[in-house]
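# Observations on the three-dimensional arrangement
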Amino acid sequence: MVEEFVIDEKSYFKLSATEWRYSAAALGLMRYFDFLEIPWIEKAFDVLSLPEIAKELQKSIVCVYERSTGFEYLCFAKEYLSEEDYLRFVREIYPNDLYPFLIEEQLKKSVFEEAEIKEINTWLTGNTVMKKIFGKTKFTGENKDEILTIIKANKDLSTKESFRYKKNLYANYANTHQLLNEGGDSCRLSGYSIDMGKKGRSTAYNFNVKTSTNMDTILFDWIPFAFIGDREAFFINANYDLKQLKKINTFLRTQVKKDRDDDKNKNQNVRYSLFNSMIFSSQFINFDVEVIYKNRERDFFETLYIRHESMEILKSMDKINYKAFCFSLKINDNYYIDIQEKITNCILNLVLTDELIELFLKQKNSNGYLVSQCIEINWLIRKGGEVMKKKMSGAYACAKEVVKKIPENKIESYRQRLTSAIVFKDYDRVCQILLQLSNYSNVSFNFAYDLFEDFENNKDIAYTFINALRKGNDNTSNNEGGN
Amino acid sequence: MKALRIKLYQSSANYRKEESDTNKMTYPLPPFSTVIGALHEASGYQTYHPMDLSIQGKYESMHREPYTDYCFLNSTMDDRGILVKMRNPELLSSAFDKVAAAQKSQGNSFRKRITIKVFDEILYQEFIALKELNDEIENFKNTRYKRIMDLIKTRKKTIKIKKTEVSKGEIQYEKLCRREKQIKEIEKQIKDEFEKYKEVQYTKPYSKFRSLTTSLKFYEILNNVELVIHVKAEETVLMTILDNIYHLKSIGRSEDFVEVTEAKIVELIQDDNCDVTSSFSAYLDFRDVKNERIFPVAVGGGVNEKGGTRYGLNKTYQIIDDKRIFDKKSVIYLSQYGIDETSETIWLDRDDDQEYIVNFI
């Protein structure tokens, strides 16, 4: 919640992280105040008395814990929220997303090649704002000063309008008409914003617009700075206290940068850094937490609850090659399945990865390694324990024994038949094929008794067997990133 | 201390985060105001009966479910949405007949029949007839009605001037007063008749026509939710809730049906030397966690100093200027936590093999 209050004719804000929107705004503001180098003071009171902190608020940000209610407040003067500073902060945070400053950087040179001139001219007409500012002015390679003068004269305008309309910046998070406006009739965020003039009655209690308690504040304009990512952006609402919120955010931000620098292709995404950090880092979150997710292709925010149970699975995944799942599987020219998203959703919802295992088994190209990793995840989700591990090892050994004894074309044929039967959930058929195969190969399948008794709960044994039923040893493949 | 323990099951639920619209985001457990409202509704209470709650539970998984959202626009628009005729104009419900729909994003007109698809020609003609009647009424208002009103106005003005020329008590003055009264009555009669005609012939029938827009929206849905709710209140209140507990139909959306698996009065105890870890997630009083009366358990065991997500959850409200202004409680959502001892806000509910940590808020 947010409240505006006045002491000695000066306006102040009191912000409490009672919901993700306020947490994200508080985090964005803390980063902004750090940029402005405004000092920060922590206080605790039984009951917060605003006049008591008025003196500190003159020159610092005050973070107050109120013992009687258990709320924590970020208190600051409204005068810090100037448009000029906001735009300076935008330039600091997104230097590579704003064309004028990319051009400025490029124009530091004195001699330009043909390709560079062409690139600068593309930026000069990169969006409507740039076209409006530069008109018909083109970069020739010799009018560097002219271009720089125009940029300087329109610095704030170009920053504001580019930030407002770029799909990965403000437009991804909020209603573009609301940037730096005081509070409106409905919350400015994507998925929250409503045209109250036309639709207000339908959204209000008892169709009475007067009952509407929608909250909008200029502070929500600081929310984009709390999210980390590009196509997929995440905000970790670890708001035990404001310090913790900032610490977790800084950790992930650093990790994302590190992962990007380490990656040869420079295309490592934030989801990878987030989950990889949960798996491997003890300094990162190891408790229940709400994560707010924004996908650029969807005009709303989503919630991911990372529960203790899911966290336990993630922490046990250090032996699983998580990176192997970080790819998209092409189904056709217009449809790709994001395997990483599927896997993480399975872990967060404690849903077995059967759908993916069957998908990989059906693939023409061998995906044995991925199947084995998915089976490992299933084992963690089911809390299979050592008994299940032994049964799966037994199935694996039997499959390898069969491979040695029967010709390759027969192996392939049996594997196809088993895969088809299991995909169609025809478990009796799977058992029949196993009996035929045991008879044909003269190998005893001890593991099969568990399947005859309870197929559904021992399905991973069947997957292990089918996956191992191939020449070579796919389970130790190191095809990181999939195919 | 006596409390009412209610165990519930919901196959699906959405506990909406306020104001989220396109994707109706959910809290992991129902907020206090949601449960208090549902219990009051089940008990037939019309006014607030004070109660403290402890809400804990768990869900199996969460998914995003699409649905078609029907939104009635504030006014009937000529160029957008679907034109519908309500069966009952007082009630915005799904009881309506589709009349016509706009085909393009802009440039449509129901009145002029431009780029629209008519579903029901009879209803559409009814709509057009009403629109034409409105034009006639407006035309009448601006011509004949206006002329008469102007005439009345002139007469009234003339009488007013004449009245200033004669002194009170004279016969002429009395005559003028009578005439003025007569004219005013005629004016009122004409006005009333006009308004009545407009109301009956146009306003009422036209109010049945509404603009409806449909869009794809989403609900975040929790699947297979188990809830354990402890209620602390006056004994009569507890008994009323217990007697009416099977009237509790839903928590969250109206379609999030509730199956009450158990409801009974239990005796909560205090224990200064206990070592209990909860198997449910819960909303815990942040002050109790901060003061280390409740400690979050870290992944892999051990105590976690700072964990969980905090919320300011609604509990009770006051209506100020038609708005519900909620009193918020500072809670933290945790799914693994324990206690070493109880306190005035933390109690233990020991029942057969199960032990519940009860943190009233």
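Residues numbered from 1 in each chain as written. Chains lettered and ligands numbered in written order. Predicted model: local features only at pLDDT ≥ 70, side-chain atom pairs only at ≥ 80, totals over all residues. Heavy atoms only, no water.

As annotated in an unreviewed UniProt entry, chain B carries the name CRISPR-associated protein Cas5 and is attributed to Acetobacterium woodii.

Per an unreviewed UniProt entry, the recorded name for chain A is CRISPR-associated protein Csx8, and the organism is Acetobacterium woodii.

Looking now at the overall build of chain B. Helix and strand counts for chain B come out as 6 helices and 17 strands. Its C-alpha radius of gyration of 32 Å places chain B more than 25% over the 21 Å reference for a compact globule of 361 residues. Overall, chain B is about 100 × 60 × 40 Å in size when its C-alpha atoms are taken along their principal axes. Taken over 361 residues, chain B has a buried fraction of 47%. Looking at chain B alone, contacts between residues at least 24 apart form 71% of all its contacts between residues at least 6 apart. A gap of 14 Å separates the mean positions of the 58 positive and 58 negative side-chain charges of chain B. (Helix = DSSP H or I, 4+ residues; strand = E, 2+ residues; numbered from the N terminus. Rg over C-alpha atoms; globule rule 2.2 N^0.38 Å. Buried < 20%, exposed > 50% of the residue type's maximum accessible area, 1.4 Å probe, protein only. Contact = heavy atoms within 4.5 Å. Lys, Arg positive; Asp, Glu negative; His and termini not counted. Charge placed at Lys NZ, Arg CZ, Asp CG, Glu CD.)

Between chain A and chain B, the contact holds 60 residues from the first and 55 residues from the second. Between chain A and chain B, a total of about 5000 Å² is buried, with carbon and sulfur atoms accounting for 50% of that surface. Broken down residue by residue, the surface that chain A buries against chain B is led by K198(A), Y240(A) and Y305(A), which jointly contribute 17%. If you look at where chain A meets chain B, you find 4 salt bridges. Ionic pairing is found between E290(A) and K17(B), a salt bridge with its closest N-O pair at 2.7 Å. There are 34 residue pairs in polar contact (both at pLDDT 80 or more) connecting chain A and chain B. Of all the secondary structure elements, the ones that give two or more residues to the side of chain A that touches chain B are helix 1 (20–35), strand 5 (71–77), helix 10 (196–203), strand 8 (289–295), strand 9 (301–306) and helix 13 (308–315) of chain A. The biggest single contributor to the side of chain A that touches chain B is helix 10 of chain A, with 8 residues. Residues belonging to the side of chain A that touches chain B are distributed by class as follows: 22 nonpolar, 21 polar and 17 charged. (Buried area = accessible area lost by both parts, 1.4 Å probe. Salt bridge = Lys/Arg side-chain N within 4 Å of Asp/Glu carboxyl O. Polar contact = N/O pair within 3.5 Å; in protein donor to acceptor, adjacent residues only side chain to side chain. Nonpolar A, V, L, I, M, F, W, Y, C, P; charged D, E, K, R; others polar.)

Let us now look at a negative patch on the surface. Residue and element names in this part refer to chain B. Taken together, D272, D275, D340 and E341 make up a surface patch of like negative charges. Summarising the element assignment, D340 is placed in the loop between strand 15 (337–339) and strand 16 (346–351). The class for D340 is partly exposed, based on a relative accessible area of 42%. (Patch = residues over 30% accessible without salt bridge, like charges linked within 9 Å, V, L, I, M, F, W, Y side chains within 5 Å. Areas by Shrake-Rupley, 256 points an atom, 1.4 Å probe, with all protein chains shown as cover.)

Further remarks concern the sheet that holds strand 8 of chain A. Residue and element names in this part refer to chain A. Pairing is antiparallel in the open sheet, where 4 strands are placed in the order 6-7-8-9. Strand pairing shows two members of the sheet lacking a second neighbour, strand 6 (228–229) and strand 9, which therefore form its edges. Note: strand 7 (residues 232–237) against strand 8, 6 bridges, orientation antiparallel. In the sheet register, N237 faces strand 8, and the bridge partner there is E290. Seen against the sheet, helix 14 (residues 339–349) touches strand 7, strand 8 and strand 9 and runs at an angle of roughly 55° to strand 9. (Pairing = 2+ DSSP bridges. Axes fitted to C-alpha atoms, helices over the stretch in contact; angles between N-to-C directions.)

What follows is about the pairing of strand 11 (residues 281–285) of chain B. Residue and element names in this part refer to chain B. Counting buried residues in strand 11 gives 5 out of 5 residues, a clear majority hidden from the surface. Here strand 11 shows a buried face lined by S281, Y283 and D285 and a second buried face lined by A282 and L284. Pairing between strand 3 (residues 52–58) and strand 11: 2 bridges, direction antiparallel. Bridging from a neighbouring strand, G57 pairs with S281 of strand 11. As paired strands, strand 11 and strand 14 (residues 323–334) are joined by 4 bridges and run antiparallel to one another. Paired with Y283 across the two strands is Y333, which belongs to strand 14.

Following the sequence through the fold, Y317(B) ends up in strand 13 (residues 309–320). Taking the C-alpha atoms as reference, Y317(B) lies 9.0 Å from K328(B); in sequence the two are 11 residues apart.

Moving on, we get to the state of the cysteines. All names here are of chain A. Throughout the structure, instances matching the rule amount to 0 disulfides over all chains. Free cysteine: C63, not disulfide-bonded; nearest cysteine sulfur from C75 at 8.1 Å. The closest cysteine sulfur to the non-disulfide-bonded C431 is located on C398, 14 Å from its own sulfur. (Disulfide = S-S within 2.5 Å.)

Residues and elements named next belong to chain A. According to the stated counting rule, one finds 69 salt bridges over all chains in the structure shown. One salt bridge connects K14 with E3, and the closest N-O pair in it is separated by 3.8 Å. In this pair, K14 sits in strand 2 (residues 10–16) while E3 sits in strand 1 (residues 2–7), placing the two residues 11 residues apart along the sequence. Judged by relative accessible area, K14 falls into the buried class, the value being 12%. Since its relative accessible area comes to 42%, E3 is described here as partly exposed.

Quick look at unusual backbone geometry now. Residues and elements named next belong to chain A. Positioned with a positive phi, E9 is a non-glycine residue whose angle comes to about 65°. Classification of E9 by relative accessible area gives exposed; the value is 80%. Even without being a glycine, K425 presents a positive backbone phi close to 60°. Note on placement: K425 falls in the loop between helix 18 (408–423) and helix 19 (427–441). Look at K425 and you get partly exposed, because its relative accessible area is 46%.

With that out of the way, let us pick up the pairing of strand 9 of chain A. All names here are of chain A. Of all the 6 residues making up strand 9, 6 are buried; the element is thus mostly covered by neighbouring parts of the structure. The alternating pattern of strand 9 places F301, T303 and Y305 and E302, L304 and I306 on opposite faces, both of which are buried. Relative to strand 9, strand 8 runs antiparallel, the two being bridged by 6 bridges. Of the residues in strand 9, the one forming a bridge with K294 is F301. The hairpin formed by strand 8 and strand 9 contains 5 residues between the paired strands.

Looking now at the sheet that holds strand 4 (residues 61–66) of chain A. Strands belonging to one sheet form pairs held by backbone hydrogen bonds; the direction of such a pair is parallel or antiparallel. All names here are of chain A. Across the sheet, 5 strands lie side by side as 1-2-5-4-3; this open sheet has mixed pairing. Both outer strands of the open sheet, strand 1 and strand 3 (40–45), are each paired with one neighbouring strand and no more. Adjacent strand axes in the sheet meet at a mean angle of 25° when their direction is disregarded. Summarising the sheet, strand 3 and strand 4 pair through 6 bridges and their orientation is parallel. Following the sheet pairing, W40 is matched in strand 4 by I61.

Before going further, it helps to examine helix 13 of chain A. An α-helical turn contains 3.6 residues, so any two residues separated by three or four positions project in the same direction. Buried within helix 13 of chain A are the following residues: H308(A), S310(A), M311(A), I313(A) and L314(A). Contact partners of the buried residues in helix 13 of chain A: helix 12 (270–280), strand 9, helix 14 and helix 16 (368–382) of chain A.

Let's shift gears to the nonpolar core. Residues and elements named next belong to chain A. If you look at the biggest cluster of nonpolar residues, it comprises 85 residues, and the most contacted ones within it are I236, M317, F445, F465 and L469. Ranked by residues supplied to this core, first place goes to helix 16 with 9 residues. Residue assignment places this core across two domains, with domain 3 (227–338) and domain 4 (353–468) each supplying three or more. The residues contacting F465, other than those within four sequence positions of it, are A395, C398, A399, L418, L434, L437, F445 and F447. (Core = buried A, V, L, I, M, F, W, Y, C linked by side-chain atoms within 4.5 Å. Domains from an automatic or database assignment.)

Turning our eyes to something else, we now look at the environment of R111(B). All names here are of chain B. Tracing the backbone shows R111 in the loop between strand 6 (96–102) and strand 7 (116–118). Overall, R111 belongs to the partly exposed group, its relative accessible area being 27%. As a C-alpha pair, R111 and T277 span 166 residues in sequence and 68 Å in three-dimensional space. Here R111 is in contact with D78, Y124, I128, K131, E132 and D135, once residues within four sequence places are set aside.

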